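Summary of the model geometry
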Amino acid sequence: MTRIDIVDGEAATAYAAPVFALYDTVFGDFPDEDAWRQQMYDRHRARDGYRLAVALDDDQLVGCAWGYHGDHGQFWPNLVVRTLPDVAAEWIGGHFEFVELAVAPAARRRGVGHRLHDALLEGLTGRALLGTSSGDDDPAVRLYRSRGWRTLGLLDAERQVMGLVRP
Ligand SMILES: CC(C)(COP(=O)(O)OP(=O)(O)OC[C@H]1O[C@@H](n2cnc3c(N)ncnc32)[C@H](O)[C@@H]1OP(=O)(O)O)[C@@H](O)C(=O)NCCC(=O)NCCS
């Protein structure tokens, strides 16, 4: 049975190497671990409200998700402000930003993605935002819709902003 743990920014240090290996397999958009840590992982884990959900099969990382309290001045909220000002006015600031979700190819389609999603949002209330593919058949989009997320607008032809309000 896959175990899901939630860790804070400090404890996330210990997961940097396996999270990078997974991230690199799934997204592959950084040249190496150092660049990824400097530009993404270490910056994100220092942010207010950061939490990392890890999925472990016998202590081997098979999935992860992370997010934090997003705010004006950060890269992605700024992009939303520039591209979708009406959405930004209502949603940006004090929201939880659902930043990444990834499951190793061999571990997919057995509920790990849904469990990581639910664990990451556990106990949070209010507005949550994410950016993802605009394709309706994309597995991540299907997952988010099944959990109540709705499209707020398109950033471009291939990327959308989704929002969720948790009571
Ligand atoms: C999106 C992603 C995280 C989903 O992970 P996952 O572990 O496969 O997700 P789940 O297993 O919870 O759900 C995926 C599908 O498996 C199905 N499923 C869940 N448990 C299942 C089981 N026991 N048997 C068969 N299918 C099952 C779900 O119903 C869902 O199918 P549906 O969308 O047709 O309804 C994964 O595909 C991934 O890492 N994609 C690449 C990265 C990405 O796009 N991330 C999002 C960036 S914003």
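Scope of this entry: the structure provided in the associated data block.

Scoring rules and cut-offs
- Residues numbered from 1 in each chain as written.
- Predicted model: local features only at pLDDT ≥ 70, side-chain atom pairs only at ≥ 80, totals over all residues.
- Heavy atoms only, no water.
- Salt bridge = Lys/Arg side-chain N within 4 Å of Asp/Glu carboxyl O.
- Helix = DSSP H or I, 4+ residues; strand = E, 2+ residues; numbered from the N terminus.
- Buried < 20%, exposed > 50% of the residue type's maximum accessible area, 1.4 Å probe, protein only.
- Axes fitted to C-alpha atoms, helices over the stretch in contact; angles between N-to-C directions.
- Parallel < 35°, antiparallel > 145°, perpendicular 65-115°, else oblique.
- Contact = heavy atoms within 4.5 Å.
- Nonpolar A, V, L, I, M, F, W, Y, C, P; charged D, E, K, R; others polar.

Our focus in this paragraph is the pattern of salt bridges. Using the criterion set out here, one finds eight salt bridges in the structure. Here Arg 37 ties to Asp 42 by a salt bridge, and the two come within 3.2 Å at their closest N and O atoms. Residues Asp 118 and Arg 147 are paired through a salt bridge, measuring 2.8 Å at the closest nitrogen-oxygen approach. On the criterion of sequence distance, the pair formed by Asp 118 in helix H5 (residues 112-121) and Arg 147 in the loop between helix H6 (139-146) and strand E6 (150-156) is long-range, its members being 29 residues apart. Judged by its relative accessible area of 31%, Asp 118 falls in the partly exposed class.

Here the focus is the packing of helix H1 (residues 16-26) against helix H2 (residues 33-45). Taken N-terminus to C-terminus, the directions of H1 and H2 make an angle of 100°; their axes are 11 Å apart at the nearest point. One way to sum up the angle between H1 and H2 is to call them roughly perpendicular. Side by side, H1 and H2 meet where Ala 16, Ala 17, Val 19, Phe 20 and Tyr 23 of the first sit next to Glu 33, Trp 36, Arg 37, Met 40 and Tyr 41 of the second. A breakdown of the residues in the contact of H1 with H2 according to their chemical character gives eight nonpolar, no polar and two charged.

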